[in-house]
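Listed below are the residues making up each chain.
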Amino acid sequence: MKKRMMMVGIAGLCFLGACGDTETKSTEDKNPDEQVDKEVKKVPVKEIAQHTMKAEDITRFQQEIPEKQLLNIMARFIVTTINYDQQLGNTVALVNDTMTQENVDRAKRTLHDQVIPIQKENQETMQNAYYLLSIANFKDVPGVTGLKTANDAYTKVTEQYVAAIQGLTVANAASTYAQLGRLHKTYLEASQAITPQAFEIASQAKMDEPRFQDALATMYQTLLEQAGEISVQE
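Cut-off values and rules
- Residues numbered from 1 in each chain as written.
- Predicted model: local features only at pLDDT ≥ 70, side-chain atom pairs only at ≥ 80, totals over all residues.
- Heavy atoms only, no water.
- Helix = DSSP H or I, 4+ residues; strand = E, 2+ residues; numbered from the N terminus.
- Contact = heavy atoms within 4.5 Å.
- Areas by Shrake-Rupley, 256 points an atom, 1.4 Å probe, with all protein chains shown as cover.
- Expected span 1.5 Å × (residues − 1).
- Buried < 20%, exposed > 50% of the residue type's maximum accessible area, 1.4 Å probe, protein only.
- Polar contact = N/O pair within 3.5 Å; in protein donor to acceptor, adjacent residues only side chain to side chain.
- pLDDT = per-residue confidence, 0-100.
- Core = buried A, V, L, I, M, F, W, Y, C linked by side-chain atoms within 4.5 Å.
- Phe/Tyr/Trp six-rings, centres within 6.5 Å; stacked < 30°, edge-to-face > 60°.
- Lys NZ or Arg CZ within 6 Å of the ring centre and 35° of its normal.

For the protein chain, an unreviewed UniProt entry supplies the name Lipoprotein and the organism Listeria booriae.

**Q** Hey, could you run me through the overall build of the protein chain in this one?
**A** Helix and strand content of the protein chain: 10 helices and 0 strands. When the helices and strands of the protein chain are listed from N to C terminus, the series reads α-α-α-α-α-α-α-α-α-α. Counting contacts in the protein chain only where the partners sit at least 6 residues apart, residues at least 24 apart contribute 83% of the total. With an accessible surface of roughly 11500 Å², the protein chain has 49% of that area assigned to carbon and sulfur atoms.

**Q** Would you mind going over helix H10 (residues 209-227) with me for this structure?
**A** Three- or four-residue spacings in an α-helix give side chains the same orientation, since the helix completes a turn every 3.6 residues. Given a rise of 1.5 Å per residue, 19 residues ought to cover 27 Å, and the 27 Å separating the end C-alpha atoms of H10 matches this to within 8%. Within H10, the full set of buried residues consists of Arg211, Phe212, Asp214, Ala215, Leu216, Ala217, Met219, Tyr220, Gln221, Leu223 and Leu224. N-capping of H10 is provided by Asp208, with a side-chain oxygen placed 3.2 Å from the backbone N of Arg211.

**Q** What exactly am I supposed to notice about the confidence of the model for the protein chain here?
**A** Parts of the prediction with low pLDDT should not have their coordinates interpreted in detail. Across the protein chain, the average pLDDT comes to 80, with 75% of residues at 70 or higher. Counted against residues more than four places away or in other chains, residues 1-51, with its pLDDT under 50, gives 108 contacts. This model gives residues 230-234 a pLDDT under 50, and the stretch forms 13 contacts once residues within four places in sequence are excluded.

**Q** I would appreciate a short explanation of the nonpolar core in the present structure.
**A** The tendency in soluble globular proteins is for nonpolar side chains to be buried as a group. Core analysis: the largest hydrophobic core is formed by 58 residues, its most contacted members being Ile73, Met74, Phe77 and Phe138. If you tally residues by element for this core, the top one is helix H5 (residues 66-92), at 12 residues. Discounting residues that sit within four places of it in the chain, Ile73 has contacts with Phe61, Ala129, Leu132, Leu133, Ala136 and Phe138.

**Q** What's the story with the packing of aromatic side chains in this structure? I'm lost.
**A** Aromatic ring pairs are reported here in terms of the distance separating the ring centres and the angle at which the planes meet. For the structure on display, the rule yields 4 aromatic pairs. When the ring of Phe77 is compared with that of Tyr130, the centres are 6.3 Å apart and the planes differ by 40 degrees; the resulting orientation is tilted. Taken as a pair, Phe77 in helix H5 and Tyr130 in helix H6 (residues 101-135) lie far apart in primary sequence, 53 residues in all. Given a relative accessible area of 21%, Tyr130 falls into the partly exposed group. Geometrically, the ring pair formed by Tyr154 and Tyr187 is tilted, given 5.3 Å between the ring centres and 50 degrees between the ring planes. Of the two residues, Tyr154 sits in helix H7 (residues 143-166) while Tyr187 sits in helix H8 (residues 173-192), which places them 33 residues apart along the sequence. There is no split in this pair, since Tyr154 and Tyr187 are both buried. A network of ring pairs unites the aromatic residues Tyr84, Tyr154, Tyr161 and Tyr187 as a single cluster. Sitting over the ring of Tyr130, Lys148 keeps its end group 5.8 Å from the ring centre.

**Q** Honestly, unusual backbone geometry in this entry has me stumped. Any pointers?
**A** Apart from glycine, the bulk of residues carry a negative phi angle, and the bulk of peptide bonds sit in the trans form. Of note in the backbone geometry, Lys206 takes a positive phi value of approximately 60 degrees without being a glycine. With respect to the helices, strands and loops of the structure, Lys206 is situated in the loop between helix H9 (194-204) and H10. Of the residues examined, Lys206 reaches a relative accessible area of 73% and is grouped as exposed.

What follows is the structure, given as structure tokens:
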């Protein structure tokens, strides 16, 4: 399985119907909420998603409009997925149905060097996201539980990937290769299930759904570019 196959997992996060250029207007023509929305698109979202929560950050979050709060939270989910797409993809690409001990060692070393370190980072990112969900203006809408459930399912699949490669040997290379192939389908389904839950939240919280979807697509594309990935639009 090649790295490109893993990258397809986040295709569900890019809304192909909303990834086009939006109409540009002068600042004077925008209402305050629209100006805030534009500012969200300009924020370096990778930094947002990875910062440690501090009192002033929490206060600032609570003062944001609901759309911006949800974008802030989704940035964390997206960064986590991109991290796994990249690093798991690098490792899975080294696994084949027949392997030498040297190749097995290389795959495990790549797992240890690239995937294990980001697990802790992603865990912290998700803890921050879950905390923000608990204090968001829309915390009581049903979609919040759905978003957590979808992300938990995704996280479980990444853990299964890690466990499979940790148990890789020369003798079980064929069965491990087949297992990773099965997990690939589950990974795609799990990663693509996250974003629809954000749409549910936007709908249930009576947000401006088209504007939110446009801002989320723009943010997603920015994150891909920051990570050096290939756009799913290409």
